[in-house]
Amino acid sequence: MTTHTIKVKVNGVEYVREVEPRLLLSDFLRHDLGLTGTHVGCEHGICGACTILFDGEPMRSCLIFAVQANGHEVTTVEALGTPEKMHPLQEAFQEKHALQCGYCTPGFLMTLKPFLETHPNPTDEEIREAIDGNLCRCTGYEHIIEAVKLAAQKMATRS
Amino acid sequence: MKPIPFEYFAPTTVEEALEHLSNLGYGGKVLAGGQSLIPAMNFRMARPGALVDLNGIPELAYIKPTADGGLAIGTMTRDSKVEHSPEVAKRFPLLPEVMPNIAHPQIRNRGTFGGSIAHADPAGQLPAISIVLNANLKVLKKGSERWVKAEEFFLGPFMTVLEPEEMLAEVVLPALPPRTGSSYQQVSRQKGGYSMAAVASVVTLDEAGKCTNARMVMISVGDVPILSAAALRILVGQKPTPEAIAEVAEIAASQEIDPGTDIHATAEYRRHLIRVLVRRSLTTAFERAAK
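All figures in this text were calculated on a predicted structure; none of them were measured in a lab.

Visitor: Please set out unusual backbone geometry residue by residue, giving values where relevant.
Guide: Although it is not a glycine, D55 of chain A sits at a positive phi angle of roughly 50 degrees. Here D55 of chain A shows up in the loop between β3 (51-54) and β4 (57-60).

Visitor: So, the pattern of salt bridges: which residues are in play, and what are the values?
Guide: Evaluated as defined, the whole model comprises 20 salt bridges over all chains. Of the charged contacts in the structure, one is a salt bridge between E87 of chain B and R91 of chain B, with a shortest N-O distance of 2.3 Å. You can see E87 of chain B and its partner R91 of chain B sitting in helix α4 (residues 86-91), four residues apart, about one turn around the helix. Given the relative accessible area of 31%, E87 of chain B is considered partly exposed. Between R215 of chain B and E151 of chain B there is a salt bridge, and its shortest N-O distance comes to 2.8 Å. In this pair, R215 of chain B is assigned in strand β13 (residues 211-219) and E151 of chain B in the loop between β7 (144-149) and β8 (154-156), connecting sequence segments 64 residues apart. Three or more residues are tied together by salt bridges with common partners; here these are E91, E95, K154 and R158 of chain A.

Visitor: Break down the interface of chain B and chain A for me, with residues and values.
Guide: Contact residues are listed per partner, giving 33 residues for chain B and 30 residues for chain A. For the chain B face of the interface with chain A, the top three residues by lost area are M1, Y8 and Q106 of chain B, together amounting to 26%. In this assembly, chain B and chain A are joined by three salt bridges. When the shortest N-O distance is used, the salt bridge between K2 of chain B and E43 of chain A registers 3.4 Å. Where chain B meets chain A, there are 13 residue pairs in polar contact (both at pLDDT 80 or more). Of all the elements in the fold, those that place two or more residues in the side of chain B that touches chain A are β1 (7-9), α2 (37-42), β3 (50-53), α3 (79-84) and α6 (105-108) of chain B. Looking at the side of chain B that touches chain A residue by residue, the class counts come to 16 nonpolar, nine polar and eight charged.

Visitor: Now, about the domain arrangement of chain B: what can you tell me, with residues and values included?
Guide: Residue and element names in this part refer to chain B. Assigned domains within chain B: domain 1 (7-53), domain 2 (58-173) and domain 3 (180-290). Taking the mean C-alpha position of each, domain 1 and domain 2 sit 18 Å from one another. Contacts between domain 1 and domain 2 engage 15 residues on the former and 19 residues on the latter. Both sides together, the interface formed by domain 1 and domain 2 hides about 1,400 Å², and carbon and sulfur atoms give 68% of it. At the surface where domain 1 touches domain 2, the tally comes to one salt bridge. Salt-bridge contacts for E19 lead to K142; the nearest nitrogen and oxygen are separated by 3.4 Å. Viewed at the interface, domain 2 and domain 1 are joined by two residue pairs in polar contact (both at pLDDT 80 or more). Here the element with the most residues in the side of domain 1 that touches domain 2 is helix α1 (residues 14-24); it accounts for six residues. When its residues are assigned to classes, the side of domain 1 that touches domain 2 shows seven nonpolar, seven polar and one charged.

Each value, and the rule that gives it
Residues numbered from 1 in each chain as written. Chains lettered and ligands numbered in written order. Predicted model: local features only at pLDDT ≥ 70, side-chain atom pairs only at ≥ 80, totals over all residues. Heavy atoms only, no water. Helix = DSSP H or I, 4+ residues; strand = E, 2+ residues; numbered from the N terminus. Salt bridge = Lys/Arg side-chain N within 4 Å of Asp/Glu carboxyl O. Buried < 20%, exposed > 50% of the residue type's maximum accessible area, 1.4 Å probe, protein only. Contact = heavy atoms within 4.5 Å. Buried area = accessible area lost by both parts, 1.4 Å probe. Polar contact = N/O pair within 3.5 Å; in protein donor to acceptor, adjacent residues only side chain to side chain. Nonpolar A, V, L, I, M, F, W, Y, C, P; charged D, E, K, R; others polar. Domains from an automatic or database assignment.

This is the structure:
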């Protein structure tokens, strides 16, 4: 099977790799680049665990082939913050107990980052709408919604 | 890796894409947003030998006003662009009403308007919306172009009049006359899930309040989106009364649809939903037309 050379910028770093066309972007990030923060759940677009930013917009990395990322920019949860300097969303998720097992969390964070940038003061309804493509089997979502509101406050205070 | 191996082509112009499709014939398949095709490939239900990826062709993504006041939408226009376009909302308020029901924001950022129509999922919203809005579909193949009315485009579940070497390039929505109202109603088990039944209506009134046009399409209750003949026959030429709307709903539910039973709903329940949703959709559309 023919492989293709792709050049892709992930979290600001440019990578050149040989890929088979059938390699999913989610598997490319995890296996080829070792960025295991992006989680893989259902692999058919329902659960949202694999959400990444593709040219700045949240998308499912399990529904894009790695070869399609050629010339594009991908941002994964690894770029969000560090344990020393967390993103306000990460702090708020920790403080409000918005995760339990944590499997879905990277997908939520990558969905919510651009959302809070365009909705600095979101209503509960807008938050529910924003996360309707992310499944969490532990929290029941209430803590997540609380965390998003807290993150919005933190971001407003800092800017 | 989940899908079976396949060849991959990434053309950067429409001509190049048509050249690939022409060479590949039945071995080739167009990859648009891929939000339905890639899951099907991950399950190995779809096993195309080669993909012609349209994502690198910027000339296929646009929303342009047409001379008659309608819109031409390029096949690769992302669903989220259609959802949030002020041009679209002004001319076709039905579209921003429908779009949030299509999967989830992350899927709509990638999924495309034309891809959804060409995919022809009987539970998909956009094939039905293309029919109810009387769309003209521009179909290209190497060296030629043809136009197909949306209501003649769908042949069966996931089957259209598209030949293997052809692709859907543009969707043209003709302008709606004044005093036109529209409404979309659906019941699904969860937001973003496939509907168990759905109804889209577009109706027009004259100055005296009589109905001059009534297009109504039903979703998830047959192999293709079903355009109601009863809506047109019963409503056109008269003032839309609750009795007339109820009569359309009864005929639509009992005679015009062919619902199946699956894990989500029985055929009988789908008939019941259609009876209710037709009434809601037509009533709301007429209220909006009268404003």
